[in-house]
Protein chains: 2
Amino acid sequence: MDSRSIILLAHGSSDQRWCDTFETLAEPTLKTISNSRIAYMELAEPSLDTVVREGIAAGTHEFIVVPLFLAAGRHLRKDVPAMIEALEHSTGASIQLSPPIGENPLLGQAVKEVVTLQLDQTAAE
Amino acid sequence: MDSRSIILLAHGSSDQRWCDTFETLAEPTLKTISNSRIAYMELAEPSLDTVVREGIAAGTHEFIVVPLFLAAGRHLRKDVPAMIEALEHSTGASIQLSPPIGENPLLGQAVKEVVTLQLDQTAAE
């Protein structure tokens, strides 16, 4: 088992339907990859802080944060790195920030497949 | 050839790097699916309005808008439907709004693959 923990980081929202979509999106990862969790940057729980502290309490000291964002804006360029730096400082954990999922070419392929399905479905209606 | 036009709708940003990521994300779709374009909801060009009007000028009257959003928040529940209604009214075109890409199970699979790759890469470093 990998001793590192994967944290899928979503923005968060006070709208539960928004969070539900992210939880569904995270499900295949959470089911397949041991020691993986979802966390929210703001407006929803569990927060990044909560998930890192719970991981540490369970014996994990190395975290990889994978942002469930399509592109990097101010949040991923400034706010999240600052949150991570503060958490590393206060907990002693090592937390690595990955690029947002949308920067991976696999996402572009998935978008193409979704659009192809969408065209087939609307043609059939 | 499909007479309908696909519009990949991204939020838009004044940060060109943000738009560049979306253009890369859209590329496989734009290359594969004829009559497909990217448009921005706000803060960047081309706007949805521009793309629909150019499509109409080129003879297209049926549009399918596929939001490059992971989940539906206020923009997709309120702002975009209102923009589409106004555009349909002013142009006579038929514009169908699809669910955001993040609601398709293909995206959850892609996220899992991205995370798996990320774990392999960071283990190898």
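Structure: above.
First, a word on what this report is: a plain description of the structure on this page. (Residues numbered from 1 in each chain as written. Chains lettered and ligands numbered in written order. Predicted model: local features only at pLDDT ≥ 70, side-chain atom pairs only at ≥ 80, totals over all residues. Heavy atoms only, no water.)

A look at helix α1 (residues 16-32) of chain B
All names here are of chain B. Under the 1.5 Å per step criterion, the end-to-end length of α1 is 24 Å for 17 residues, consistent within 8% with the ideal 24 Å. Its axis deflected by about 45° at Ala 26, α1 carries its strongest bend there, up to four residues before the proline Pro 28. When α1 is considered as a whole, its buried residues turn out to be Trp 18, Cys 19, Thr 21, Phe 22, Leu 25, Ala 26, Pro 28 and Thr 29. Two or three places before Arg 17, at the start of α1, stands the capping residue Asp 15, its side-chain oxygen 2.9 Å from that residue's backbone nitrogen. (Helix = DSSP H or I, 4+ residues; strand = E, 2+ residues; numbered from the N terminus. Expected span 1.5 Å × (residues − 1). Bend = angle between axes of the 7 residues up to and from the residue. Buried < 20%, exposed > 50% of the residue type's maximum accessible area, 1.4 Å probe, protein only. Polar contact = N/O pair within 3.5 Å; in protein donor to acceptor, adjacent residues only side chain to side chain.)

Looking at the relation of the copies chain B and chain A
Rotating chain B by 180° and moving it 0.0 Å along the rotation axis overlays it on chain A with an RMSD of 0.0 Å. On this basis, the relationship between the two copies can be described by a two-fold rotation axis. No C-alpha of chain B approaches the rotation axis more nearly than that of Ala 110 of chain B, which lies at 3.3 Å. When you check the interface residues of chain B against chain A, 100% turn up at the interface there too, and the contact is symmetric in its surfaces. (Least-squares fit on C-alpha atoms with pLDDT ≥ 70 in both. Contact = heavy atoms within 4.5 Å.)

Quick word on the pairing of strand β3 (residues 62-67) of chain A
All names here are of chain A. Within β3, five of the six residues are buried, which leaves it mostly tucked inside the rest of the structure. Across five bridges, the pairing between strand β1 (residues 5-10) and β3 is parallel. Counted as the bridge partner of Ile 7 is Val 65 from β3. The pairing of β3 with strand β4 (residues 94-97) spans four bridges and is classified as parallel. Pairing of Val 65 across the sheet is with Leu 97, part of β4. Handedness of the crossover joining β3 and β4 through helix α3 (residues 74-91): right-handed. (Pairing = 2+ DSSP bridges. Right-handed = clockwise from strand over helix to strand, strands pointing away.)

A look at the sheet that holds β4 of chain A
All names here are of chain A. Spatial ordering of the open sheet is given by β2-β1-β3-β4, a layout of four strands whose pairing is parallel. The open sheet terminates on both sides in strands that have one partner only, identified here as β2 (36-40) and β4. Each strand of the sheet is rotated relative to its neighbour by a mean of 30°, with strand direction disregarded. Helix α1 (residues 16-32) rests against β1 and β2 of the sheet, and its axis sits at about 160° to β2. In this fold α3 packs onto β1, β3 and β4, with an angle of close to 170° to the strand it touches most, β4. (Axes fitted to C-alpha atoms, helices over the stretch in contact; angles between N-to-C directions.)

Observations regarding the pattern of salt bridges
In the structure shown here, the tally under the stated rule is twelve salt bridges over all chains. The partner of Asp 15 of chain A in a salt bridge is Arg 17 of chain A, and the shortest N-O contact between them spans 3.2 Å. Owing to a relative accessible area of 47%, Arg 17 of chain A belongs among the partly exposed residues under this scheme. Asp 15 of chain A serves as the salt-bridge partner of Arg 77 of chain B, at 3.8 Å between the closest nitrogen and oxygen. (Salt bridge = Lys/Arg side-chain N within 4 Å of Asp/Glu carboxyl O.)

Observations concerning the sheet that holds strand β4 (residues 94-97) of chain B
All names here are of chain B. Read from one edge to the other, the open sheet built from four strands follows the order β2-β1-β3-β4, with strand pairing classed as parallel. Two strands close off the open sheet at either side, each with one partner strand: β2 (36-40) and β4. Averaged over all neighbouring strand pairs, the angle between strand axes comes to 30°, with direction disregarded. The sheet strands contacting α1 are β1 (5-10) and β2, and the helix crosses β2 at an angle near 160°.

Topic: the nonpolar core
Counting residues in each nonpolar core, the largest one holds 48 residues, and the members touching the most others are Leu 8 and Phe 22 of chain A together with Leu 8 and Phe 22 of chain B. Ignoring sequence-local partners within four residues, the contact set of Phe 22 of chain B consists of Leu 70 and Ala 71 of chain A together with Ala 10, Ile 38, Tyr 40 and Leu 68 of chain B. (Core = buried A, V, L, I, M, F, W, Y, C linked by side-chain atoms within 4.5 Å.)

Description of unusual backbone geometry
Omega for the peptide link from Glu 45 of chain A to Pro 46 of chain A comes to 0°, which places this bond in the cis form. Residue placement: Pro 46 of chain A occurs in the loop between β2 and α2 (48-57). Residues other than glycine seldom take positive phi values, yet Asn 35 of chain B does so here, at roughly 60°. Of note, Asn 35 of chain B is situated in the loop between α1 and β2.

A look at the packing of helix α2 (residues 48-57) of chain B against helix α3 (residues 74-91) of chain B
Residues and elements named next belong to chain B. Direction vectors running N to C along α2 and α3 enclose 30°, while the axes themselves pass 11 Å from each other. Relative to α3, α2 is oriented roughly parallel. Of the two elements, α2 crosses α3, and the hand of that crossing is right-handed. Residue-level contacts link Leu 48, Asp 49, Val 52, Arg 53 and Ile 56 of α2 to Met 83, Ile 84, Leu 87, Ser 90 and Thr 91 of α3. By residue class, the composition of the contact of α2 with α3 is six nonpolar, two polar and two charged. (Parallel < 35°, antiparallel > 145°, perpendicular 65-115°, else oblique. Left-handed = near helix turned anticlockwise from the far one by under 90°. Nonpolar A, V, L, I, M, F, W, Y, C, P; charged D, E, K, R; others polar.)

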